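Tertiary structure, described
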Amino acid sequence: MRKTTLLFIPGFFIGIIFLILTSCQPSTPAKETESYNEEDARMIKMIFDEALENGKAYGWLEHLCVEIGPRLAGSENADKALDWTESLMKSENFDQVFRQEVMVPHWERGTKEKAQIVGSGEVLNVLALGGSIGTGSEGVQGEVIEVQSLDEVDELGEKVKGKIVFYNRALDQKHVSTGAGYGGAVDQRSGGAIRAGKYGAIGVVIRSVTSAFDDAPHTGMMNYEDGVEKIPAAALGFQSADKLAEALKKGPVELFLQMYCQWFPDAPSANVIGQLDGSEKPEEYIVVGGHIDSWDVGQGAHDDGAGCMHSVEALRILKAIGYQPRHSLRAVMFMNEENGVRGGKKYAEIAKGKNEKHILAIESDAGGFSPRGFGISGADESLDKLRSWLPLFPQNTISFINKGGGGVDVGPLYRETNTPMMGLGVDPQRMFDVHHSPNDVFSTVHRRELHLGAASLAAMIYLVDKYGL
Ligand SMILES: [Zn+2]
């Protein structure tokens, strides 16, 4: 059993980043300045043409999702994804392709979970939350007590003792930016077991944090706290949560929960990095990355195979149009964003140790949907300049630059080395329909949308490489 004090909460931070990135109004149209010239307009047209006509990211993503599949840190599939992305970047003739070794947490779901309403025999769709302890084959069984918030558990106190706490607050659909809705509900997933465990509950189920109304349960990281009894925690599909709530309206309900998940010792893994060497300042870097690990259900297509393929594709496009970067450009396949961020931390540790100068670190982890804008943290003085480039992006592909944003994997670099971090913002309507669920599969990704995201990243990298922040 792995002992941890309040694990890092990637999912929650994603929510916050989405919120920051998407809750602000799009910027007003950019002022015309002399911050770019006709050559830039030509180059950016070439970037978009290359992406839309000859884009490779979609085919690559198909391989990653369909041939390799889900790839939780520490799994055999995660290793396969590292090998494959390494050979991919070599086959694209990147100047350097290398690994950064890192030990990662290793948790496995095991045999499929089961949740059943005792008596009626009603079976509910359920997934263990990432990091939860299992129940063993004997399962746990107890009366269900429904709450809408962590605070309500505090109010109930000892009344939850011996019971299974059902967190039933849904994602608030009123937010146009679904990330804000996600951020407003995910505390039940990340902190629900700690709060219920404090008062002697024997298990936790949550309504999945999803914008969809289907019955696919959505997993994601949950946490334990030293000194608080660890109890099993699982997510119910949206419709299954409805069924449980309906049953509770009629009277007391007993739930049987069986989960075989367990922790194993940390496993060796790595980040994989592909680099185009800079022609003028090769010791200064611009990073673009996504996380190559995914949850163990679905195929990790939007979260975050898309961001990884975006990153490799952005560099491929720049190479294909014959652009010679001034700074070294890196596409980083970060490992273990979902349940530990060890890859992001390792990248920052090495960068700091080697005193590497990073100009900017961009992350794509919002899905492979139509690009909309960028959010940036740590470079407030650059906002006017960045916004002045907006007219270069065709057809409002990128229509805003917001203050705030970045990504979970580039966060450590931002905090440890003060490197400005940026996140690609995309159309947020569908991400939380599929995020962390069996529905995050390749067939939900649209070729042109994915390629427009890669083009937007390539164009931003081109501009920052040429003009700085
Ligand atoms: Zn992600």
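1. Digging into helix H8 (residues 238-250)
- Compared with the 18 Å implied by 1.5 Å per residue over 13 residues, the 19 Å span of H8 between its first and last C-alpha is a close match.
- All of the buried residues along H8 are Phe238, Ser240, Ala241, Leu244, Ala245, Ala247 and Leu248.
- Looking at the buried positions of H8, the neighbouring elements they touch are strand S2 (114-117), strand S3 (123-124), strand S5 (140-147), strand S6 (164-167), strand S7 (203-207) and strand S8 (233-236).
- Positive backbone phi, at 150°, marks Gly251, one or two positions downstream of H8.

2. A closer look at the environment of Gln258
- Its place among the elements puts Gln258 in strand S9 (residues 254-258).
- Note on Gln258: relative accessible area 11%, which makes it buried.
- As for Gln258 and Met89, which are separated by 169 residues in sequence, their C-alpha atoms are 42 Å apart.
- Ignoring any residue separated from it by four or fewer positions in sequence, one finds Gln258 in contact with Glu113, Lys114, Thr135, Gly136, Ser137 and Gly139.
- Only 2.6 Å separates the side chain of Gln258 from the backbone oxygen of Ser137, close enough to count as a polar contact.
- Side chain to side chain, Gln258 and Tyr260 meet in a polar contact 3.2 Å long.

3. Section: the sheet that holds S5
- Strand order in the open sheet formed by eight strands is S3-S2-S9-S5-S6-S7-S8-S4, with mixed pairing between adjacent strands. Two strands lie at the open edges of the sheet, namely S3 and strand S4 (126-128), each paired on one side alone.
- Looking at chain direction, S6 and S7 are connected through four bridges and run parallel. Each bridged residue has a counterpart across the sheet, and for Ile164 the counterpart in S7 is Gly203.

4. Side note on the side chain of Arg316
- Summarising the element assignment, Arg316 is placed in helix H9 (residues 301-320).
- Engagement of the side chain of Arg316 in a polar contact is seen with the side chain of Glu313, the distance being 2.7 Å.
- When residues no more than four places from it in sequence are discounted, the contact partners of Arg316 are Glu50, Asn54, Gly55, Lys56, Trp60, Glu92 and Phe94.

5. Remarks on the coordination of the zinc ion
- At this site the zinc ion is bound by His291 (NE2), Asp303 (OD), Asp365 (OD) and Asp365 (OD), with donor distances of 1.8 to 2.6 Å.
- In this structure, the zinc ion is coordinated by four donor atoms arranged in irregular fashion, with angles at the metal of 53 to 151°.

6. Some details on the nonpolar core
- Ile47, Val165 and Met460 are the most contacted members of the largest nonpolar core, which has 105 residues in total.
- Here the element with the most residues in this core is helix H14 (residues 447-467); it accounts for twelve residues.
- Both domain 1 (27-106 + 266-467) and domain 2 (110-260) contribute no fewer than three residues apiece to this core.
- With near-sequence residues (within four places) excluded, Val165 lies in contact with Ile145, Val147, Val153, Val160, Ala196, Ala201, Gly203, Val204 and Val205.

7. Quick word on the environment of Asp49
- Checked against the element boundaries, Asp49 lands in helix H2 (residues 38-54).
- In this structure, the C-alpha to C-alpha distance between Asp49 and Ile321, residues 272 residues apart in sequence, is 9.7 Å.

8. Here we look at the pairing of strand S11 (residues 281-291)
- In terms of burial, S11 is largely enclosed, as eight of its eleven residues are buried.
- Handedness of the crossover joining S11 and strand S12 (residues 327-334) through H9 is recorded here as right-handed.
- In this sheet, strand S13 (residues 357-363) lies alongside S11 in parallel orientation, the contact comprising six bridges. In the strand pairing of S13, Tyr285 is matched with His358.

9. A short note on the domain arrangement of the chain
- What the domain assignment reports for the chain is domain 1 (27-106 + 266-467) and domain 2 (110-260).
- Taking only C-alpha atoms, the centre of domain 1 and the centre of domain 2 are 34 Å apart.
- With both sides pooled, the region where domain 1 packs onto domain 2 buries about 1200 Å², and carbon together with sulfur makes up 59% of that total.
- Linking domain 1 with domain 2 are zero salt bridges, by the criterion used here.
- At the junction of domain 1 and domain 2, the tally comes to ten residue pairs in polar contact (both at pLDDT 80 or more).
- A per-class count over the side of domain 1 that touches domain 2 returns six nonpolar, six polar and two charged.

10. A closer look at the packing of aromatic side chains
- The final tally for this structure, using the stated rule, is seven aromatic pairs.
- Here the aromatic rings of Tyr58 and Phe442 are separated by 4.7 Å at their centres, their planes lie at 40°, and the arrangement is tilted. Highlighted residues: Tyr58 in helix H3 (residues 57-68) and Phe442 in the loop between helix H13 (431-434) and H14, separated in sequence by 384 residues.
- With a centroid separation of 5.0 Å and 70° between ring planes, the pair formed by Tyr323 and Tyr462 is classed as edge-to-face. Taken together, the residues Tyr323 in the loop between H9 and S12 and Tyr462 in helix H14 connect sequence positions 139 residues apart. Exposure class is identical for Tyr323 and Tyr462. Each is buried.

11. A few points about helix H7 (residues 187-198)
- Counted at 1.5 Å a residue, the expected span for H7 with its twelve residues is 16 Å, and the 16 Å between its end C-alpha atoms agrees.
- When you tally the buried positions in H7, you get ten out of twelve residues, the bulk of the element.
- Gly200 occupies a position one or two residues after H7 and carries a positive phi of about 90°.

12. Digging into the sheet that holds strand S1 (residues 96-108)
- The mixed open sheet is built from eight strands, whose spatial order is S1-S10-S12-S11-S13-S16-S14-S15. Only two strands of the sheet have a single partner each, and these edge strands are S1 and strand S15 (400-403). Recorded for the sheet is a direction-independent mean angle of 25° between the axes of neighbouring strands.
- Two elements, strand S14 (residues 371-377) and S15, share four bridges in a ladder whose sense is parallel. Directly across from Gly373, in S15, lies its bridge partner Phe400.
- The strands that helix H4 (residues 76-91) touches are S1, strand S10 (262-276) and S12; relative to S10, the one it contacts most, it runs at about 5°.
- Each of S10, S11, S12 and strand S16 (421-426) is contacted by H9, which is oriented at about 145° to S11, the strand it contacts most.

Reading the values: rules and limits
- Starting from 1, residues in each chain are numbered consecutively following that chain's sequence as written.
- It should be noted that, the model being predicted, local features are given only for residues of pLDDT at least 70 and side-chain atom pairs only at 80 or more, the latter also being counted only at that level, while totals for whole chains, interfaces and linings use all residues.
- In computing side-chain properties, one takes all heavy atoms of the structure into account and sets aside hydrogens as well as water.
- Strands are runs of DSSP state E lasting at least 2 residues, helices are runs of H or I lasting at least 4, and numbering of each runs from the N terminus.
- By this rule, a helix spans an expected 1.5 Å times one less than how many residues it contains.
- Only protein chains enter the accessibility calculation, which uses a 1.4 Å probe; a residue is then buried when its area is under 20% of its type maximum, exposed when over 50%, and partly exposed in between.
- In this analysis, two residues are considered to be in contact whenever any of their non-hydrogen atoms come within 4.5 Å of each other.
- Counting of polar contacts relies on pairs of N or O atoms within 3.5 Å, with two restrictions inside protein: one atom must be capable of donating a hydrogen and the other of accepting it, and residues adjacent in sequence are counted only when both atoms are side-chain atoms.
- In this analysis, strands are considered paired if DSSP registers two or more bridges between them.
- Note that water is not among the atoms used; donors are N, O and S atoms within 2.8 Å of the metal (3.2 Å for Na, K and Ca), so sites may look incomplete.
- All geometry calls rest on donor angles, where a four-donor set with angles between 85 and 135 degrees is tetrahedral, four- and six-donor sets with opposite donors more than 155 degrees apart and all others between 65 and 115 are square planar and octahedral, and all else is irregular.
- Within this scheme, the nonpolar core is defined by two criteria: the residues are buried Ala, Val, Leu, Ile, Met, Phe, Trp, Tyr or Cys, and they are joined through side-chain atoms within 4.5 Å.
- What marks off one domain from the next here is an automatic or database domain assignment.
- Looking down the strands as they point away from you, a crossover is right-handed if its path from the first strand over the helix to the second goes clockwise.
- In short, buried area is how much 1.4 Å probe accessible area vanishes from two parts on joining, totalled over both.
- Basic side-chain nitrogens of Lys or Arg form a salt bridge, by our definition, when they fall within 4 Å of a carboxyl oxygen of Asp or Glu.
- Only Asp, Glu, Lys and Arg are considered charged in this grouping, and only Ala, Val, Leu, Ile, Met, Phe, Trp, Tyr, Cys and Pro are considered nonpolar; every other residue, Gly among them, is considered polar.
- What counts as a ring pair is set by centres within 6.5 Å for rings of Phe, Tyr and Trp (its six-membered ring), and what kind of pair is set by the plane angle: stacked under 30 degrees, edge-to-face over 60, tilted for all other angles.
- The angle between two axes is taken between their N-to-C directions and runs from 0 to 180 degrees, where each axis is a line fitted to C-alpha atoms and a helix contributes only its stretch in contact.

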